[in-house]
Amino acid sequence: MTDAADTDPSRPGGTGLIVRIPEAEAAVRSWRERFDPSARAGVPAHVTVLFPFLPEARVDGPVCAAVAAVLDGHPAFEVRFASCGRFPGILYLAPEPDGRLRRLTEAIAARWPEAPPFGGRFADVVPHLTVAHHEDEHVLARAEAEVAALLPVTARVSSVELVVHDGTVWRTRASFPLPGR
């Protein structure tokens with residue numbers, strides 16, 4: 001059995017799989033830098049594929065090859081962010097359509113059932129790009145008004161990144177291209 005401390009994503013060696021969305025940076029950067037702790041820890045604008053993933057000590061060559069093999073069945077695609085959404089205390093950009101992002105999460109989670117999305121806390125994992133996290137309604141409303149005015153944003157999803165937490169910041173350890181142009 002794995003020690004719970006070994007899977008704490010805030011500790012050194014925590015990992016995640018994300019899709020970078022650099023096209024959204026101009027719209028969300030200033031809000032994320034102030035109101036999303038992951039941005040301050042070096043995580044770019046992104047949609048999470050699987051978090052937490054395996055502890056870094058378990059992510060070796062065969063695991064990376066298996067990630068690549070799973071993702072090889074998912075071609076590159078475009079996604080559009082035209083609106084904002086909310087979870088309690090959280091503002092996010094909603095990807096449209098979100099089906100292919102959901103399928104990436106489902107495929108990786110099916111291959112590694114010991115690493116359920118968000119630790120298994122949610123029955124339905126909703127793809128999203130976080131703008132502000134754990135803020136009051138006034139901050140979220142102001143952020144939503146400003147960000148919504150900069151939408152839509154269209155992005156090409158052509159790879160999935162493995163990010164690793166070193167105890168202070170998140171760094172990209174590997175990139176897994178999706179097939180296609």
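Above this note sits the structure.
Predicted model, so just to flag it, every value in this text is computed and none were measured. (Residues numbered from 1 in each chain as written. Predicted model: local features only at pLDDT ≥ 70, side-chain atom pairs only at ≥ 80, totals over all residues. Heavy atoms only, no water.)

Caption draft 1: Expanded view of the packing of helix H3 (residues 61–71) against helix H4 (residues 99–111). Contact pair H3 / H4: the axes reach a minimum separation of 10 Å and the direction vectors enclose 140°. Regarding the angle of H3 to H4, the classification is oblique. The way H3 lies across H4 gives a crossing that is right-handed. Side by side, H3 and H4 meet where Ala66, Val67, Val70 and Leu71 of the first sit next to Leu104, Ala107, Ile108 and Arg111 of the second. The residue inventory of the contact of H3 with H4, partitioned by class, reads seven nonpolar, no polar and one charged. (Axes fitted to C-alpha atoms, helices over the stretch in contact; angles between N-to-C directions. Helix = DSSP H or I, 4+ residues; strand = E, 2+ residues; numbered from the N terminus. Parallel < 35°, antiparallel > 145°, perpendicular 65-115°, else oblique. Left-handed = near helix turned anticlockwise from the far one by under 90°. Contact = heavy atoms within 4.5 Å. Nonpolar A, V, L, I, M, F, W, Y, C, P; charged D, E, K, R; others polar.)

Caption draft 2: Seen up close, the pattern of salt bridges. For the structure on display, the rule yields nine salt bridges. Its salt-bridge partner being arginine 29, residue glutamate 25 comes within 3.8 Å of it at the nearest N-O pair. Here arginine 29 and glutamate 25 lie together in helix H1 (residues 25–35), a separation of four residues that amounts to about one turn. Judged by relative accessible area, which is 14%, glutamate 25 ranks as buried. Assessed through its relative accessible area of 41%, arginine 29 is described here as partly exposed. Arginine 32 serves as the salt-bridge partner of aspartate 36, at 3.4 Å between the closest nitrogen and oxygen. The residues aspartate 36 and arginine 32 share a single accessibility class, namely buried. Within the structure, one salt-bridge network assembled from shared partners comprises Arg86, Glu137 and Glu144. (Salt bridge = Lys/Arg side-chain N within 4 Å of Asp/Glu carboxyl O. Buried < 20%, exposed > 50% of the residue type's maximum accessible area, 1.4 Å probe, protein only.)

Caption draft 3: Just the environment of valine 164, in detail. Among the secondary structure elements, valine 164 is positioned in strand S7 (residues 159–165). With sequence-adjacent residues up to four places away left out, valine 164 is seen in contact with Gly13, Gly14, Thr15, Glu56, Val169, Trp170, Arg171 and Arg173.

Caption draft 4: Main features of the packing of aromatic side chains. Under the defined criterion, the tally for this structure stands at five aromatic pairs. Arranged with centres 5.9 Å apart and planes meeting at 75°, the rings of phenylalanine 118 and phenylalanine 122 form a pair that is edge-to-face. Given a relative accessible area of 19%, phenylalanine 118 falls into the buried group. Sitting over the ring of tryptophan 112, arginine 111 keeps its end group 4.5 Å from the ring centre. (Phe/Tyr/Trp six-rings, centres within 6.5 Å; stacked < 30°, edge-to-face > 60°. Lys NZ or Arg CZ within 6 Å of the ring centre and 35° of its normal.)

Caption draft 5: Summary view of the layout of surface pockets. Roughly 930 Å³ of internal volume is contained in the largest pocket. Along the walls of the largest pocket sit 32 residues, with Phe51, Phe118, Arg121, Thr130 and His133 positioned nearest its centre. For the lining of the largest pocket, the elements supplying multiple residues, two or more each, are strand S1 (15–20), helix H2 (37–40), strand S2 (46–50), strand S5 (129–133) and S7. Residue classes in the lining of the largest pocket are distributed as 18 nonpolar, eleven polar and three charged. (1 Å grid on protein atoms, 1.4 Å probe; cavity = no way out; pocket = protein on both sides within 12 Å on 5 of 7 lines; lining within 4 Å. Points joined across faces, edges and corners; volume = space filled by probe spheres on them.)

Caption draft 6: Just empty space enclosed by the protein, in detail. Applying the stated criterion across every chain yields a total of one cavity of 30 Å³ or more. If you add up the space inside the largest cavity, you get close to 40 Å³. Forming the boundary of the largest cavity are Val47, Thr48, Thr105, Phe118, Val125, Val126, Pro127 and His128.

Caption draft 7: The arrangement of the side chain of threonine 105 in detail. Within the secondary structure, threonine 105 is located in helix H4. A polar side-chain atom of threonine 105 sits 2.7 Å from the main-chain carbonyl oxygen of valine 49. The residues touching threonine 105, leaving out its near neighbours within four places in the chain, are Thr48, Val49, Pro117 and Val125. (Polar contact = N/O pair within 3.5 Å; in protein donor to acceptor, adjacent residues only side chain to side chain.)

Caption draft 8: Here's a closer look at the environment of valine 125. Relative to the helices and strands, valine 125 is located in the loop between H4 and S5. Sequence separation between valine 125 and valine 28 is 97 residues; the distance between their C-alpha atoms is 22 Å.

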